Amino acid sequence: MTTTSEPAPRPRTTAPGAEHRTRFFDHRIPSLYAGRYRIDNRQVLKDLGGADRVIDATPQPFDVVQPRFSFDPTGINAQFPVPDAVGTYSQTLAHINLDAPGLPWARLLGDGQPSAVPWMALLLFREDELPEDPDAVGLVKAGTVRRLLDGPLGPDPIGPGEPPALPAESLRPDEYDEECATVLVPAALFDAVKPLPVEMGYLAHLREGGRPDATLSGGDPAPDEGELNAVLVANRFPAATGGRHVAHLVSLEGFDQYLTVPAPTGGIRLVSLVSWSFTTEPDSGVGFGDLAQHLATADGTTARPADELRLRVPTAAPANPAGPQKEALDRMAGGSVALAQRLESGERTFAFYRGPLTAHPAQELPDAAATRLDSPGEALIYLQRYGVFDTAYAAAFTAGRTLALADAEFRTALLEFRSAARSAARRLASHPELAARAAAALTARQLTAPLAFEAFDRLLVGGDTRSGGARLVQALDQAGPRLRAGHRRTAARARRTIGDARTVLALPGVASLLTRAAPDEFAKVTAWLDALRRLEMLGLSHLVPDPSALPAESIRFAYVDADWVRAAVDGALSVGVGHALDADLNALAIGGGPVPKCAVLINSSLVPNWPGSIATAYRGTDLLEPARDAVFGLETRLLLYPEVIDRFELAEPPRGLCFGIGDLGTIELREITGDRIGHPMGEFPQPAGFARFLRPGGKDVLNVDGTGDALLPALSRTHDVARISSAQFALQMINAPQAQTFSRP
């Protein structure tokens, strides 16, 4: 099958075939921030003389209560990577989903800070960075809020580090006795990883996930409150060298002054609302996108030529081949290989061989459907002009016969079915009236039971059925007188021949009747043959006779030769054939399921390392399900399809929505306006490479909107807008599964 490849993997926002609605919103600003409030009520009345009289009501204090120093873990909707996960996460930004959609904006970060800036942030730390948690397993220092706010010089300090500067009037009396978890962050580390206030607004957003049939109405429909989550994303990538990492959802309330100026030398003590740890494995630099792209391109850009994606042995052809050279090259271009052959006469030569998979559509054999092979010799093709054989179909016959002989259950079922069908055919030849009956009226016992049983049955039910077996009663009444009179019944019994039984097979409806002679055995035979048609019993050496046709890290497309499969089926059915009637009965079992028409073979470390990879095939716009999906050994995957496909897509295993960059150092730009919001629109940046958007210092911190080459302005310029929103920024940073597409020209 001729194919071309699209040169670059495309990230997908969903797994192939999956449908759902996801919308992103910038933030949720409360009508009243969390904190302490007082209602003052004054009334002014005029007395009889017209003077004002002021009446002040008793002030009514009230509190808007939201989590501040601790957080109920049941309010966590999701975390990524999941706690204690082990995997390659060096291209992923950790994130956390909260059930309370307005919590990150429930209070102000500090006086004068914009309302869209959340008061919490997700910070990521590595091993040997936190003095109180050098192994990055999530250790914290616990204590009361009073001990925290008293600071390191207080009577009972939790530990060193500058505490948050919170106004005393903002604290409720009961808050001082609350327990909280804290973490000490050294000044240099905090300055390296802290988000700027303007960046914090872009590292938090709202996500709404709707059902597949969710509909939208109006120009700006309100979100579904039951489906809203707040999402906070870390601004730092895990280390490419691997190791354990810990993520802390921290409160930055009271630290806003240190987000733009250096932190105090003694470090700061942050309140940790939630923490979890995970382990990232060393990044080899070769991910799904790299491997998938290598299947399609040789240099990462130029698509492999179509001939290179066919299942055949690569050959170096001379400039102008002719005669035997051209014949050999043409056959090898079709998928054949030249193998040593020893003739029955003892001579040594070579012959062409191939399996059921071909690089080009196989030449259809004349009358193949009507021709039955009884031996491998009948399937040999002799190239008289060159004096060599093509053994493809002979080898197929032998392979099918060998597989049948090796399977005792199939062999037994085949022989028992043919034995029952022979008896039924002979019965029908001797009693033509049986074949004339309605098919539904015949049972397996009537077709195969001994003749004496059948004759007795006819006595019981013959004649007038309302008389309860009149023929039997009549025969018993007449038996005595006839014997005394010396009368004996004589009948000329016709001798049945195989020819008579073979003749009856041609009668209308008889073939379907014979399959009822042993229905269970017949079902086993046809099921086994259908599996053979799907190439299930064949090893990889039958499919790919020369390993160089499917080298390491390659993908190959092929056609399936239906005549090769038919020869293998004939070989399987040749087991135990004793005469022509048996061979005729084999025809009853060859009308099984269809033979697949094309195959895709992948020999790559993608197979073991991404076992959940999704392969999707299309014919035109129609999705095709594979007739078979199997793995040989560790790294070879075979997919068979019922039709010749036009497009094949190999996609990374589906996963939850997460954020980061792809294997190639890019993100997938997505539409932010119009009717196609979220649809891919190309890779960013070009040329690939995300290192330019990292802060200096080697901490792998994303420069969202700081000095130098920042990501947010670059994305805004690419979309030709003054400034994208936080929801649009989240849409760009989705690190969805990647996919590689191959198209047939």
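Here the structure is a predicted model, which is why all the values come from computation and not from measurement.

Novice: Mind laying out the overall build of the chain, listing which residues take part and the relevant values?
Specialist: Within the chain, the secondary structure is distributed over 20 helices and 34 strands. The 745 residues of the chain split such that 47% are buried. Put simply, the chain shows about 35,600 Å² of open surface, and 54% of that area lies on carbon and sulfur atoms.

Novice: I'd like a rundown of the sheet that holds strand β21 (residues 357-358), residues and numbers included.
Specialist: Taking strand neighbours across the sheet as the criterion, the five strands line up as β21-β24-β25-β29-β28 in an open arrangement whose pairing is antiparallel. Edge positions in the sheet fall to β21 and β28 (628-632), since each of these pairs with one other strand and no more.

Novice: Describe the pattern of salt bridges, naming the residues involved and giving the relevant values.
Specialist: Under the defined criterion, the tally for this structure stands at 35 salt bridges. We note a salt bridge from Asp-390 to Arg-331, for which the minimum N-O separation is 2.7 Å. Residue Asp-390 is found in strand β23 (residues 388-390), and its partner Arg-331 is found in helix α5 (residues 324-333); the two are separated by 59 residues along the sequence. Taking the shortest distance from any N to any O, the salt bridge between Lys-597 and Glu-643 comes out at 3.6 Å. Placement of the pair is Lys-597 in the loop between α17 (580-586) and β25 (598-603) and Glu-643 in the loop between β29 (636-641) and β30 (647-651), with a sequence separation of 46 residues. For Lys-597, a relative accessible area of 40% gives the class partly exposed. Several salt bridges share partner residues, and in doing so they unite Arg-68, Arg-172, Asp-174, Glu-175, Glu-178 and Glu-253 into one network.

Novice: Describe the packing of aromatic side chains, with residues and values.
Specialist: Any two aromatic rings considered together are summarised by their centre-to-centre distance and by the angle between their planes. The tally for this structure, following the rule as stated, stands at twelve aromatic pairs. Judged by centre distance (6.0 Å) and plane angle (85 degrees), the ring pair of Tyr-202 and Phe-729 falls under edge-to-face. Within this pair, whereas Tyr-202 is found in the loop between α3 (197-200) and β15 (204-210), its partner Phe-729 is found in helix α20 (residues 726-732), the two being separated by 527 residues in sequence. Taking the relative accessible area as the measure of exposure, Phe-729 reaches 4% and is therefore buried. When the centroid spacing of 5.7 Å and the interplanar angle of 75 degrees are considered together, the rings of Phe-288 and Trp-610 count as edge-to-face. One end of the pair, Phe-288, is in helix α4 (residues 288-296); the other, Trp-610, is in the loop between α18 (606-609) and β26 (614-619), with 322 residues separating them in the sequence. Assigned by exposure class, Phe-288 and Trp-610 land together as buried.

Novice: Tell me about the confidence of the model for the chain, residues and numbers included.
Specialist: Summarising the model, the chain shows a mean pLDDT of 83, and 84% of its residues fall at 70 or more. In this model residues 1-20 is a low-confidence stretch, pLDDT under 50, and it forms 84 contacts with partners more than four residues away in sequence or in other chains. Here residues 463-468 is a poorly scored stretch, pLDDT under 50, and it has three contacts once near neighbours within four places are set aside; other chains count.

Novice: Describe the packing of helix α6 (residues 392-406) against helix α16 (residues 562-573), listing the residues and the values that go with them.
Specialist: Look at α6 against α16: their axes get within 6 Å of each other, and the N-to-C directions meet at 40 degrees. For the element pair α6 / α16, the angle class is oblique. For the element pair α6 and α16, the recorded crossing hand is right-handed. The segment α6 lies against α16, with Ala-392, Tyr-393, Ala-396, Phe-397, Gly-400, Arg-401 and Ala-404 engaging Asp-563, Trp-564, Ala-567, Ala-568, Asp-570, Gly-571 and Ala-572. Split into classes, the residues belonging to the contact of α6 with α16 amount to nine nonpolar, two polar and three charged.

Novice: How would you sum up the nonpolar core? Please name residues and give values.
Specialist: For soluble globular proteins, the rule of thumb is that nonpolar side chains tend to be buried together. Counting 56 residues, the largest nonpolar core has Leu-357 and Leu-529 as its most contacted members. Top element by residues in this core is helix α7 (residues 408-430). It accounts for nine residues. The contact partners of Leu-529, leaving out residues within four places of it in the chain, are Phe-410, Val-569, Ala-572, Leu-573 and Ala-589. In this structure, Ala-94, Met-120, Tyr-176 and Ala-204 belong to the second largest nonpolar core, which totals 38 residues.

Novice: Can you tell me about the packing of helix α14 (residues 519-533) against α16, naming the residues and giving the values?
Specialist: Orientation of α14 relative to α16, taken along the N-to-C sense of each, is 145 degrees, at an axis distance of 10 Å. As for how α14 packs across α16, the hand of that crossing is right-handed. Between α14 and α16, the residues in contact are Val-525, Trp-528, Leu-529, Leu-532 and Arg-533 and Val-565, Ala-568, Val-569, Ala-572 and Leu-573, respectively. Among the residues making up the contact of α14 with α16, the classes are represented as nine nonpolar, no polar and one charged.

Novice: Hey, could you go over the pairing of strand β14 (residues 179-185) for me, with residue numbers and the actual values?
Specialist: Burial within β14 is extensive, with five of its seven residues counted as buried. Where strand β13 (residues 141-144) lies against β14, four bridges are found, and the strand directions are antiparallel. The residue bridging Thr-144 from the neighbouring strand is Glu-179, located in β14.

Novice: Residues and numbers for helix α19 (residues 711-718), please.
Specialist: Restricting attention to buried positions, one finds in α19 the residues Leu-711, Leu-712, Ala-714, Leu-715 and Ser-716. On its buried side, α19 packs onto β32 (667-670), β33 (680-684) and α20. Positive phi appears at Asp-720, one or two residues downstream of α19, with a value of about 60 degrees.

Novice: Give a detailed account of the environment of Ser-574, specifying residues and quantitative values.
Specialist: Its location among the elements puts Ser-574 in the loop between α16 and α17. Note on Ser-574: relative accessible area 11%, which makes it buried. Here the alpha-carbon distance between Ser-574 and Ala-404, two residues 170 residues apart in the chain, equals 9.0 Å. Setting aside anything within four residues of it in sequence, one finds Ser-574 in contact with Phe-397, Arg-401 and Asn-586.

Novice: Break down the environment of Asp-133 for me, with residues and values.
Specialist: As for its placement among the helices and strands, Asp-133 is situated in the loop between β12 (120-126) and β13. On the basis of relative accessible area, Asp-133 is assigned to the buried category, the value being 1%. Sequence separation between Asp-133 and Val-183 is 50 residues; the distance between their C-alpha atoms is 8.5 Å. Non-local contacts of Asp-133, meaning those with residues more than four positions away in its chain, are made with Gly-138, Leu-139 and Val-246. From its side chain, Asp-133 meets the backbone nitrogen of Gly-138 in a polar contact 2.8 Å long.

About the thresholds
- Residues numbered from 1 in each chain as written.
- Predicted model: local features only at pLDDT ≥ 70, side-chain atom pairs only at ≥ 80, totals over all residues.
- Heavy atoms only, no water.
- Helix = DSSP H or I, 4+ residues; strand = E, 2+ residues; numbered from the N terminus.
- Buried < 20%, exposed > 50% of the residue type's maximum accessible area, 1.4 Å probe, protein only.
- Areas by Shrake-Rupley, 256 points an atom, 1.4 Å probe, with all protein chains shown as cover.
- Pairing = 2+ DSSP bridges.
- Salt bridge = Lys/Arg side-chain N within 4 Å of Asp/Glu carboxyl O.
- Phe/Tyr/Trp six-rings, centres within 6.5 Å; stacked < 30°, edge-to-face > 60°.
- pLDDT = per-residue confidence, 0-100.
- Contact = heavy atoms within 4.5 Å.
- Axes fitted to C-alpha atoms, helices over the stretch in contact; angles between N-to-C directions.
- Parallel < 35°, antiparallel > 145°, perpendicular 65-115°, else oblique.
- Left-handed = near helix turned anticlockwise from the far one by under 90°.
- Nonpolar A, V, L, I, M, F, W, Y, C, P; charged D, E, K, R; others polar.
- Core = buried A, V, L, I, M, F, W, Y, C linked by side-chain atoms within 4.5 Å.
- Polar contact = N/O pair within 3.5 Å; in protein donor to acceptor, adjacent residues only side chain to side chain.

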